[in-house]
Amino acid sequence: MTTPLETPTRHDRHGRWPQATSLEDFRRNLATVRARIAAACARVGRDAAGVRLLPVSKTKPEAGIRLAYAAGCREFGENKPQEAYRKWEATADLTDLRWSVIGHLQTNKAKLVARFASEFQALDSLRVAEALERRLQAEGRALDVLVQVNTSGEASKYGLPPDEVAALLRRLPAFPALRVRGLMTLALLSAEPERVRRCFVRLRELRDRLRQEVAQCIGLDELSMGMSGDYEIAIEEGATVVRVGQAIFGARATPDAEYWPS
Ligand SMILES: *Cc1c(COP(=O)(O)O)cnc(C)c1O
């Protein structure tokens, strides 16, 4: 028998993480997050090299992004396409930087994403896939994509219900500019670790099932799950990408309702 994992969430710190304002702050925060990633991996016998840390810079100014870059970050996640595009333009001198769009996309913004993003983690409809494909073809670019799944059952959350994911995945090989990499989810923002963990387990089990059911030409290696308040639990449940904002940059002044429907 294995001991059940009792890793707590840090959602009690949501909105209260200290601001990072110096290079030293960013170095320390990144070191802390990386150490916690390594510890979570060790608890479940995973190799920490199998977990990618995606720093989330939404609402944070260019100065913070440059400090994070100086501290070693080479990619950033942004929720809103226009904000991401603006930051991409402002940091064009940092030529080895990659941008990941992790928020819901409207088809009329597909053109922006196609121009600069390396990855899109919130694919949730055929219409968005079609719009991205058309714009990517025009740009001569390709995009890594993850399908966003609603694992919490909250009506307010974006993402496909788990039982609709297979149907979308089966259509995606028709879009050669979209390189399907895996699934993404946001867990319940709950202080109760067991409720949070259940969302992550649901995403992993769905991925395992879809690997059997859906054609081999679809790649489903990536599980993007976990943020500042719950990435350690997500890693214990198999996350290969964690999206961490506040624990690196500090709390956001903008309320979350700006980014997640409530
Ligand atoms: C903002 C955001 C995150 C990061 O949240 P933090 O609490 O800042 O770590 C992760 N995923 C998505 C989709 C986000 O919009």
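As the structure is a prediction and not an experimental result, all values here were calculated from the model. (Residues numbered from 1 in each chain as written. Predicted model: local features only at pLDDT ≥ 70, side-chain atom pairs only at ≥ 80, totals over all residues. Heavy atoms only, no water.)

Undergrad: Describe the overall build of the protein chain, listing the residues and the values that go with them.
TA: For the protein chain, the count of helices and strands is nine helices and eight strands. Computed over the C-alpha atoms, the radius of gyration of the protein chain is 18 Å, within 12% of the 18 Å expected from 2.2 N^0.38 for a compact globule of 262 residues. Seen through its principal axes, the protein chain has C-alpha atoms that stretch 50 × 45 × 35 Å. Every one of the 262 residues in the protein chain was classed for burial, and the buried ones make up 54%. Counting contacts in the protein chain only where the partners sit at least 6 residues apart, residues at least 24 apart contribute 67% of the total. When the accessible surface of the protein chain is totalled, it reaches about 11800 Å², and 49% of it is carbon and sulfur. Considering the protein chain, the positive charge centre built from 40 side chains and the negative charge centre built from 34 side chains are found 2 Å apart. (Helix = DSSP H or I, 4+ residues; strand = E, 2+ residues; numbered from the N terminus. Rg over C-alpha atoms; globule rule 2.2 N^0.38 Å. Buried < 20%, exposed > 50% of the residue type's maximum accessible area, 1.4 Å probe, protein only. Contact = heavy atoms within 4.5 Å. Areas by Shrake-Rupley, 256 points an atom, 1.4 Å probe, with all protein chains shown as cover. Lys, Arg positive; Asp, Glu negative; His and termini not counted. Charge placed at Lys NZ, Arg CZ, Asp CG, Glu CD.)

Undergrad: Before we move on, can you summarise the site of the ligand with the specific residues and values?
TA: If you check the shell around the ligand, you find 12 residues, and the closest are Lys-58, Asn-79, Ser-228, Gln-246 and Arg-252. For the ligand, an oxygen atom lies 2.7 Å from a polar atom in the side chain of Lys-58. Taking Ser-228, its side chain carries an N or O atom lying 2.6 Å from an oxygen atom of the ligand. Of the residues belonging to the shell around the ligand, the class tally is five nonpolar, four polar and three charged. (Near = heavy atom within 4 Å. Polar contact = N/O pair within 3.5 Å; in protein donor to acceptor, adjacent residues only side chain to side chain. Nonpolar A, V, L, I, M, F, W, Y, C, P; charged D, E, K, R; others polar.)

Undergrad: Which residues make up the side chain of Ser-118, and what are the values?
TA: Along the chain, Ser-118 falls in the loop between helix H4 (110–116) and strand S4 (119–123). Those residues in contact with Ser-118 that lie beyond four places of it in its chain are Arg-98, Trp-99, Arg-141, Leu-143 and Asp-144.

The values are spatial; any link to function lies outside them.
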